[in-house]
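What follows is each chain in one-letter form.
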Number of protein chains: 2
Amino acid sequence: MQFGSLCTLGHGLGPWLGHGCRSRHSSIISCMSVVRMTHRAMSSKVLNLDTLNPCIKDMEYSVRGPIVIKAVGLEKELKQGVKKPYPSVIRANIGDCHAMGQKPMTFMRQVIALCTYPPLMNDPTFPADAKAKAKRILGACGGNSIGAYSESPGIEIIRQDVAAYIAKRDGGIPANPDQIMLSTGASDGIKAILKLLKQPDGAKKTGIMIPIPQYPLYSATIVEYNMHQVGYFLDEDTNWSLDIGELKRAVDAARKVCEPRALCVINPGNPTGQVLTRENIERTIKFAKEEKLLLMSDEVYQDNIYAPDREFHSFKKVLTEMGGEYANMELASFHSTSKGYMGECGYRGGYCEFVNFDPQVVAMLQKSISAKLCPSISGQVAMDVVAAPPQPGDPSYELFMKEKTHVLDALKMKAQMTVEMLNSLPNMTCNTVQGAMYAFPQITVPEKAIKKAKSEGKAPDFMYAYELLEEKGLCIVPGSGFGQRPGTYHFRMTILPPPERLKEFLERLKVFHIGFLKRYE
Amino acid sequence: MQFGSLCTLGHGLGPWLGHGCRSRHSSIISCMSVVRMTHRAMSSKVLNLDTLNPCIKDMEYSVRGPIVIKAVGLEKELKQGVKKPYPSVIRANIGDCHAMGQKPMTFMRQVIALCTYPPLMNDPTFPADAKAKAKRILGACGGNSIGAYSESPGIEIIRQDVAAYIAKRDGGIPANPDQIMLSTGASDGIKAILKLLKQPDGAKKTGIMIPIPQYPLYSATIVEYNMHQVGYFLDEDTNWSLDIGELKRAVDAARKVCEPRALCVINPGNPTGQVLTRENIERTIKFAKEEKLLLMSDEVYQDNIYAPDREFHSFKKVLTEMGGEYANMELASFHSTSKGYMGECGYRGGYCEFVNFDPQVVAMLQKSISAKLCPSISGQVAMDVVAAPPQPGDPSYELFMKEKTHVLDALKMKAQMTVEMLNSLPNMTCNTVQGAMYAFPQITVPEKAIKKAKSEGKAPDFMYAYELLEEKGLCIVPGSGFGQRPGTYHFRMTILPPPERLKEFLERLKVFHIGFLKRYE
């Protein structure tokens, strides 16, 4: 699809492979009728838009939507020497740390390299603790090779290391390696748990409560599984905390149309950057208990805490310490190698801990993942390094801590710098980025801009993001991709670009924003 | 679950984590009532066996079923010094090459190690071609790191290499990198395509034609997606070829209860080891055309051809060369890093090529995989090495070819040795293993054994496999896990153990088999 004057509705039909919708049309409806006409003409196919699984047709994933595809196109043009009003595209659309220049942790990569190519065990430049860890892991692999399959839930000693990590994190509350499964990133674990909750065809749809704004893996998977999305609005006025009245409103409304079965919480928040207080978590747990909801806590940003007055509390720890009936509640919590200080997205490492699940359901879960065989072993190894990093006295400890601190300190500084700059702009307010990797400012879009966007069948925040990309080469994700209160407009940007680059980003944004306000005054 | 005198029905409820069904019962019905009583007592849970997604409850994946779990238990006991009538368990249940002692390809691991830990670029012991390949791949990664996400269908230059590989394999028929997506093993690609075919709730169920015997990923996924399995029997009398009359019978019968939409073919066959003739493939394509079925060809064993009178023909090549209306048929074909001569199962590398798909469906497919972000980058790198190995004149060429030939020659020899031995036994016949990695012999089980098994609520081949494991420590998969003509009994064994170990396997099997026949005479 050509962007610009052509279809920019974000229906996902055209852009991926340079073919598909190329029509000029001014609303989603006229676009869809173009589409329908086109594939009627192609009806010799078994699969066309009319015969495709409708859930696949309906799902959306904005983090990789049309804006990003446009950005990739612009980058290619710049490379080919096409003149643009900016020297380069700056991407702040996705939490892809290494792509934004963050360096891998040396120890992590040494361990994975040793597991990959064991002759390196004889290389004196590799430290002894990396070698010892690699040896231990290889000893647990079939044929001492990370090319062998593991058990479907992951290598046992790695699950033991993860259990020890969780127990330490939670002040000694024990974790059971048999209640942990390693996964292909956190996404894969989240999808596996959501799948368990699906009601039989013909029954009321499964309701899944998710925050609005949310990370769109949730909305996409809910559509894919033909479940019902039960959005609860986070409270922007209290730095995106969970409001129990709002949770109650959402679940009550939902019970009329679906059977709510799970409550998903993202803490620290994506895209919203809040870190929940312990008290907020306690009230949320009580709510879930009263409403008989299974808890799903997405805690992939647990290492990314920047606000001096906040710390990370895992749902498991809080629920266990609340005791009594709460300590037996079903909870699935998720972690990943992709975020934190390591940012190893490409390894697709992750884990899911399921607490207080019915043992027979656990058996079914295990069975259901067995056909996928196992998550990538190198991703499992990466997860092990996160769970069991070098300890004081180990040869790699100092370098590891230096690298870790460097990344986290820089993120903290960038979180503050970003929020300050955004809040200095007219018609823009941004909550404190207490954690995670994103700012989610609200824009007061002028009426004239809203009208223009609507007349073109676009969301106003999509138009804002699109113009920003075209004019200044900045790539962000419109708030509508995450959900927001009707009539409010936001965008998500990462705080990942290196400091100088982030400064440049914020300067370009400032110029654009002021121009945008003026244009639509 | 304790095995032995306890529940061995393979219902998948108990064994995984050492809790669950521990009851003595003699049929699946009494077992299920025990189960139901147990979880009624636990009804405080949101998720229990009554409220779990019924598709998850129903799915089965025999390759990692109760026999394997029992084998793992026996291995642990042996390790702890428990006396058994055999010194070790020999596993021939799964196509896990490295676990059975096959060595990784040196060049493959060098390239992945270099991508993992780029300081190795300065290591003079790594060959120049490995370094060049690693540099090229890193140059296509965000931030030059395999820790960055790639585009959801995979890194573009790797998809280009895969396209070139396919074109070369198919005698110059071009392949389009935009019609290739890299996947987490072949399984992930197969699941992504099957998902597209799902009919809306309320419509007739989607029918998927699969061979019987089949690789149980298919049956498991069909149940998981609430589709309808349309089994067509392979013809054991003609070395497991596809009989068009049987395909027709199956599809006609199926149309009464579902809407058949796809025909899956596994070539070379798993678990059956046949390599289809070109003529057999042509007739199959004609059948699919007549019946308006999308073709799915699982070609993960394309490098594993042993019969001197057979060669691998890809469905794409045959369909294209047939020309006319056939050349436009929709086909998805699958490959993987897990099999062949490389056997890199743990990297979960793979690809899917979709040929002649409606471009709008391709766009939807791409969108649907975007929420999963991307397959593991190290798996993508492994796929690249398979697609673009060292060429004559490259520093690594000779070693690469030596290692490749060594693996494939050994498999060829073991295929022959296995079949000869199996056919030398009374009450056992085995077709030629023309390709892939498995033998699938038929056992004529004595009536008395059938009666005993049935009285215990077990499949006779399950009982055979179970007794074989208990008495001789040999781990195979009963034919009922793959499907077989009613009243026939088989098992699948891999030909992967090293020659000496395979010999020992076959000797122990011989002694057991003769004893078994005698016992149930």
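Residues numbered from 1 in each chain as written. Chains lettered and ligands numbered in written order. Predicted model: local features only at pLDDT ≥ 70, side-chain atom pairs only at ≥ 80, totals over all residues. Heavy atoms only, no water.

Looking up chain A in an unreviewed UniProt entry gives the name alanine transaminase, with the organism given as Priapulus caudatus. Recorded in UniProt for chain A, the comment headed Pathway (unreviewed entry) runs: "Amino-acid degradation; L-alanine degradation via transaminase pathway; pyruvate from L-alanine: step 1/1." Database annotation for chain A, UniProt heading Subunit (unreviewed entry): "Homodimer." (UniProt positions renumbered as here; feature names shortened; annotations may be inferred.)

Under the present numbering, the feature "domain: Aminotransferase class I/classII large" (unreviewed entry) in UniProt falls on residues 111–509 of chain A. Counted over residues 111–509 of chain A, helix gives 42% and strand 15%. Its end C-alpha atoms are 41 Å apart. (Helix = DSSP H or I, 4+ residues; strand = E, 2+ residues; numbered from the N terminus.)

Turning to the sheet that holds strand S4 (residues 228–233) of chain A, a few remarks are in order. Residues and elements named next belong to chain A. Strand order in the open sheet made by the seven strands is S2-S8-S7-S6-S5-S3-S4, with mixed pairing throughout. Because the sheet does not close on itself, it has two edges, and the strands there are strand S2 (180–184) and S4. Shown here is a sheet whose adjacent strand axes are inclined to one another by a mean of 25°, direction ignored. As paired elements, strand S6 (residues 294–298) and strand S7 (residues 331–336) share four bridges and run parallel to each other. The residue of S7 that forms the bridge with Ser297 is Ser333. Seen against the sheet, helix H8 (residues 217–224) touches strand S3 (206–212), S4, strand S5 (259–266) and S6 and runs at an angle of roughly 160° to S3. On the sheet, helix H9 (residues 244–255) packs against S3, S4 and S5 and is oriented at approximately 155° with respect to S4. (Pairing = 2+ DSSP bridges. Axes fitted to C-alpha atoms, helices over the stretch in contact; angles between N-to-C directions. Contact = heavy atoms within 4.5 Å.)

Here we come to the relation of the copies chain B and chain A. Expressed as a screw transformation, the operator carrying chain B onto chain A has a rotation angle of 180° and an axial translation of 0.0 Å, and the superposed copies differ by an RMSD of 0.0 Å. Look at the turn and shift together and you get a two-fold axis relating the two. Relative to the rotation axis, the closest C-alpha in chain B is found at Ala113(B), a distance of 2.5 Å. Most of the interface of chain B is mirrored in chain A: 99% of its interface residues are interface residues there too. (Least-squares fit on C-alpha atoms with pLDDT ≥ 70 in both.)

To continue, consider the state of the cysteines. All chains considered together, the criterion is met by zero disulfides over all chains. In this structure Cys97(A) is not part of a disulfide, and its nearest cysteine sulfur, from Cys345(A), lies 4.9 Å away. Judged by its relative accessible area of 1%, Cys97(A) is buried. Of the cysteine sulfurs around Cys430(B), a residue in no disulfide, the closest is that of Cys475(B), at 18 Å. With a relative accessible area of 9%, Cys430(B) lands in the buried category. (Disulfide = S-S within 2.5 Å. Buried < 20%, exposed > 50% of the residue type's maximum accessible area, 1.4 Å probe, protein only.)

To continue, consider empty space enclosed by the protein. Empty space left among the atoms is revealed by rolling a probe the size of a water molecule over them. A complete count under the given rule lists five cavities of 30 Å³ or more for this structure. Along the wall of the largest cavity there are 41 residues; nearest its centre are Thr184(A), Asp188(A), Lys372(A), Asp188(B) and Lys372(B). Elements that contribute at least two residues to the lining of the largest cavity include exactly S2, helix H7 (185–196) and helix H12 (359–370) of chain A together with strand S2 (180–184), helix H7 (185–196) and helix H12 (359–370) of chain B. In terms of residue class, the lining of the largest cavity is made up of 19 nonpolar, ten polar and twelve charged. (1 Å grid on protein atoms, 1.4 Å probe; cavity = no way out; pocket = protein on both sides within 12 Å on 5 of 7 lines; lining within 4 Å. Points joined across faces, edges and corners; volume = space filled by probe spheres on them. Nonpolar A, V, L, I, M, F, W, Y, C, P; charged D, E, K, R; others polar.)

This paragraph deals with the interface of chain B and chain A. Contacts between chain B and chain A engage 105 residues on the former and 105 residues on the latter. When the two sides are added together, the surface that chain B and chain A hide from each other amounts to roughly 9,200 Å², 59% of it contributed by carbon and sulfur. Three residues, Leu47(B), Tyr149(B) and Gln360(B), lead the burial of chain B against chain A; their summed loss comes to 8% of the area buried on that side. Linking chain B to chain A there are four salt bridges. In this structure, Glu224(B) and Lys195(A) form a salt bridge, with 2.4 Å as the shortest nitrogen-oxygen distance. Our count for the contact surface shared by chain B and chain A stands at 49 residue pairs in polar contact (both at pLDDT 80 or more). Mapped by element, the contributors of at least two residues to the side of chain B that touches chain A are helix H1 (28–40), helix H2 (54–58), helix H4 (106–116), H7, helix H8 (217–224), H12 and helix H13 (377–387) of chain B. For the side of chain B that touches chain A, the leading source of residues is H12(B), giving ten residues. (Buried area = accessible area lost by both parts, 1.4 Å probe. Salt bridge = Lys/Arg side-chain N within 4 Å of Asp/Glu carboxyl O. Polar contact = N/O pair within 3.5 Å; in protein donor to acceptor, adjacent residues only side chain to side chain.)

Further remarks concern helix H11 (residues 315–322) of chain A. Residues spaced three or four apart along an α-helix face the same direction, because each turn holds 3.6 residues. For H11(A), the set of buried residues is Phe315(A), Lys316(A), Lys317(A), Val318(A) and Leu319(A). Looking one or two places after H11(A), you find Gly323(A), whose phi comes out positive at around 70°.

Glancing now at the packing of helix H14 (residues 397–423) of chain A against helix H17 (residues 499–519) of chain A. All names here are of chain A. One can describe the packing of H14 onto H17 by two numbers: an axis separation of 11 Å at closest approach and a directional angle of 10°. Of the possible angle classes, the one that applies to H14 and H17 is roughly parallel. Listed contacts from H17 to Met413, Lys414, Met417, Thr418, Met421 and Leu422 of H14 are Pro499, Leu502, Lys503, Leu506, Leu509 and Lys510. Taken together, the residues of the contact of H14 with H17 break down into eight nonpolar, one polar and three charged. (Parallel < 35°, antiparallel > 145°, perpendicular 65-115°, else oblique.)

Now for the environment of Val68(A). Residues and elements named next belong to chain A. When you line up the elements, Val68 lands in helix H3 (residues 66–79). You can call Val68 buried: its relative accessible area is 9%. For Val68 and Ile476, which are 408 residues apart along the polypeptide, the C-alpha to C-alpha distance reads 8.1 Å.

Cis peptide bonds are those with omega within 30 degrees of zero, and the linkage from Ile212(A) to Pro213(A) qualifies with 0°. Mapped onto the elements, Pro213(A) comes out in the loop between S3 and H8. With a phi close to 55°, Asn144(B) is a non-glycine residue in the positive phi region. By the element assignment, Asn144(B) lies in the loop between helix H5 (128–139) and helix H6 (156–169).

What follows deals with the confidence of the model for chain A. Within chain A, residue pLDDT values average 90, and 91% of them lie at 70 or more. Across the whole predicted complex the pTM is 0.91, and at the interface the ipTM reaches 0.90. (pLDDT = per-residue confidence, 0-100.)

Let us now look at the sheet that holds strand S4 (residues 228–233) of chain B. Strand pairing in a sheet relies on backbone hydrogen bonds, with the paired strands running either antiparallel or parallel. Residues and elements named next belong to chain B. Within the open sheet, the seven strands sit side by side as S2-S8-S7-S6-S5-S3-S4. Their pairing is mixed. The open sheet terminates on both sides in strands that have one partner only, identified here as S2 and S4. Shown here is a sheet whose adjacent strand axes are inclined to one another by a mean of 25°, direction ignored. Here strand S3 (residues 206–212) pairs with strand S5 (residues 259–266) via four bridges, running parallel. Bridge pairing in S5 links Ile208 to Ala262.

This next bit is on the packing of aromatic side chains. All names here are of chain A. Evaluated as defined, the whole model comprises 26 aromatic pairs over all chains. For the pair Phe440 and Phe482, a centre-to-centre distance of 5.7 Å together with 85° between the ring planes defines the contact as edge-to-face. Residue Phe440 is found in the loop between strand S10 (438–439) and strand S11 (442–443), and its partner Phe482 is found in the loop between strand S13 (477–478) and strand S14 (489–494); the two are separated by 42 residues along the sequence. Classification of Phe440 as buried rests on a relative accessible area of 2%. (Phe/Tyr/Trp six-rings, centres within 6.5 Å; stacked < 30°, edge-to-face > 60°.)

Side chains carrying opposite charge are able to pair once their charged atoms draw close together. Scanning all chains against the criterion turns up 60 salt bridges over all chains. The salt bridge partner of Glu75(A) is Arg91(A), with a shortest N-O separation of 2.8 Å. Taken together, the residues Glu75(A) in helix H3 and Arg91(A) in strand S1 (residues 90–91) connect sequence positions 16 residues apart. The partner of Lys70(B) in a salt bridge is Glu470(B), with the nearest N and O atoms 3.2 Å apart. A residue pair is termed long-range when its members are at least 10 positions apart, and Lys70(B) in helix H3 (residues 66–79) and Glu470(B) in helix H16 (residues 460–472) qualify at 400 residues.

Turning next to the environment of Arg283(A). Residue and element names in this part refer to chain A. The topology assignment puts Arg283 in helix H10 (residues 278–290). A relative accessible area of 36% means that Arg283 is categorised as partly exposed. Counting along the chain gives 139 residues from Arg283 to Asn144, while the straight-line C-alpha distance between them is 48 Å. Among the polar contacts listed, one links the side chain of Arg283 to the side chain of Glu279, at a separation of 2.7 Å.

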